[in-house]
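Fold and contact review
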Amino acid sequence: AFQPIFGLSTLGVAFGNFISPVFFFVLVMFLISLAWLKTGLARRFALWMISKAGTDSKRVLYVFVVGSGAISMTMSDVPSAAVFMAIALGIFAKLELKPGSQFAKSVMLGIPIGALIGGIGTPAGSSINILGLIMIEQNGGPRIPFLSWMAIGIPMALILLPTAAWILGQVFPPEIASIGTQEEIENEQHQLGPVSSSEWKVIAIVGTMMVLWILSTWFPALDVTLVAMCGGCAMFLPGVRLFSWQEAQNAIGWGILVMLGGVTTLGGASSSSGLARWLVDSALGGLQDVSTLWILILISAFTVVIHLMLPINPVIIVVIIPPIMLLAEAAGANPALYALPVAFTASCAFLL
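Now for a quick tour of the structure. Here the structure is a predicted model, which is why all the values come from computation and not from measurement.

**Some words on the overall build of the protein**
A tally of helices and strands in the protein yields 18 helices and zero strands. For the protein, whose C-alpha radius of gyration is 21 Å, the value lies close to the compact-globule estimate of 20 Å for 352 residues. Across its three principal axes, the protein shows a C-alpha extent of roughly 65 × 50 × 40 Å. Taking all 352 residues of the protein together, the buried fraction comes to 49%. When contacts within the protein are restricted to residue pairs at least 6 apart in sequence, those whose partners lie at least 24 apart make up 78%. Surface summary for the protein: the accessible area is close to 16000 Å², and the carbon and sulfur share equals 70%. Across the protein, the 13 positively charged side chains and the 15 negatively charged ones have centroids separated by 7 Å.

Shown next as structure tokens:
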């Protein structure tokens, strides 16, 4: 609303920038999260992973970090963390752990850290990834295929997840050697019963979406957001009907969607007004002659530190990527080479 008042853009441009494919992608991510949670599939997966870890507390910590990261590759970070946190709290209660427990600290820090890291594994793992890819294309950069992102994101997640778990285990060494007996976890699994038809429907829909997302690498018509929208619609079809629209409406974070639209339109204003260019020039100007490796390290570090001033991840994407791509062009490099570290690092909001 303030953009036309301050002469930054017309009202039509300001409102036009409010809606983007990311808006609808995030909408579907809420539906996928609801499907995982309502059917109990997320809890089944979490309990299955914990059952494979045994009762050793150190191994359990790794499972909580890696497990939340694995779910987060196709589901939003917050519900991914919520599923594992609910199970963790149940374990803490049975063990009668008190506030201040080293084991509990490591697990409860590890779950959100794991979810954030896992989100970078695939473009579908976070709305930040999709926003980054769209910003790269909108600013004259190349289209980054789904599989190309995974070729970078999956190895990063495979390295960072166990590393994070190891660091947490060193900083907060567990004061207990075991989390109890294996039978307790098996009893919880038994209470869930066999995989239900609703769970199979979720597996089929999300699995089909993942296959189509990967195929979009070779068939650009299979747009990531388009596939997500079709998958979201499929959840309401007769014979599937995983939930009603009222249930979906209650599960969707409308405030987050409005915030996302707001930062998208502000990102457009920051780019057109020259603010974004000034920010990057102030921090990274004069780096054209520096080696590419050092530039990538500096861009990643800059993106991490700027979370202190811009604590909302979508803002970082829309403010930083356009001028970073201009910096790449000035250095004669592929714009995506400089922009992708921003897209990957923006999701890792560990400072706040």
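**Quick look at the packing of aromatic side chains**
Scanning the model with the defined rule gives 11 aromatic pairs in all. Between F146 and W213 the ring centres are 5.7 Å apart and the planes differ by 15 degrees, which places this aromatic pair in the stacked class. A residue pair is termed long-range when its members are at least 10 positions apart, and F146 in helix α9 (residues 146-171) and W213 in helix α11 (residues 197-215) qualify at 67 residues. Owing to a relative accessible area of 2%, F146 belongs among the buried residues under this scheme. Taken together, the ring pairs in this structure connect F18, F23 and F24 into an aromatic cluster.

**Regarding the environment of S20**
Residue position: S20 is located in the loop between α2 (11-16) and α3 (21-39). The exposure class of S20 is buried, given its relative accessible area of 11%. Taking the C-alpha atoms as reference points, S20 and T265, 245 residues apart in sequence, are found 9.4 Å from one another.

**Regarding a nonpolar patch on the surface**
On the surface, L147, V211, L215, W218 and F219 cluster together into a nonpolar patch covering about 480 Å² of accessible area. Structurally, W218 is set in the loop between α11 and α12 (224-234). For W218, a relative accessible area of 53% translates into the label exposed.

**Digging into the nonpolar core**
When a protein is soluble and globular, its nonpolar side chains tend to lie buried together. Counting 107 residues, the largest nonpolar core has W36, F64, W213, I317 and I320 as the members making the most contacts within it. It is α3 that contributes the most residues to this core, 13 residues altogether. Setting aside residues up to four positions removed in sequence, I320 forms contacts with V280, F302, I306 and V342.

**Considerations on the side chain of N313**
As for its placement among the helices and strands, N313 is situated in helix α17 (residues 313-330). At 3.4 Å, the side chain of N313 and the backbone oxygen of A346 are in polar contact. Leaving out residues up to four positions away in the same chain, N313 has contacts with I128, H307, A346, S347 and A349.

**Examining the pattern of salt bridges**
Across all of its chains, the model carries two salt bridges by this definition. Residue E199 pairs with R44 through a salt bridge whose shortest N-O separation is 2.7 Å. Residue E199 is located in helix α11, and its partner R44 is located in helix α4 (residues 41-53); the two are separated by 155 residues in the primary sequence. On the basis of relative accessibility, which here comes to 2%, the residue E199 falls in the buried class.

Cut-offs and rules
- Residues numbered from 1 in each chain as written.
- Predicted model: local features only at pLDDT ≥ 70, side-chain atom pairs only at ≥ 80, totals over all residues.
- Heavy atoms only, no water.
- Helix = DSSP H or I, 4+ residues; strand = E, 2+ residues; numbered from the N terminus.
- Rg over C-alpha atoms; globule rule 2.2 N^0.38 Å.
- Buried < 20%, exposed > 50% of the residue type's maximum accessible area, 1.4 Å probe, protein only.
- Contact = heavy atoms within 4.5 Å.
- Areas by Shrake-Rupley, 256 points an atom, 1.4 Å probe, with all protein chains shown as cover.
- Lys, Arg positive; Asp, Glu negative; His and termini not counted.
- Charge placed at Lys NZ, Arg CZ, Asp CG, Glu CD.
- Phe/Tyr/Trp six-rings, centres within 6.5 Å; stacked < 30°, edge-to-face > 60°.
- Patch = residues over 30% accessible without salt bridge, like charges linked within 9 Å, V, L, I, M, F, W, Y side chains within 5 Å.
- Salt bridge = Lys/Arg side-chain N within 4 Å of Asp/Glu carboxyl O.
- Core = buried A, V, L, I, M, F, W, Y, C linked by side-chain atoms within 4.5 Å.
- Polar contact = N/O pair within 3.5 Å; in protein donor to acceptor, adjacent residues only side chain to side chain.

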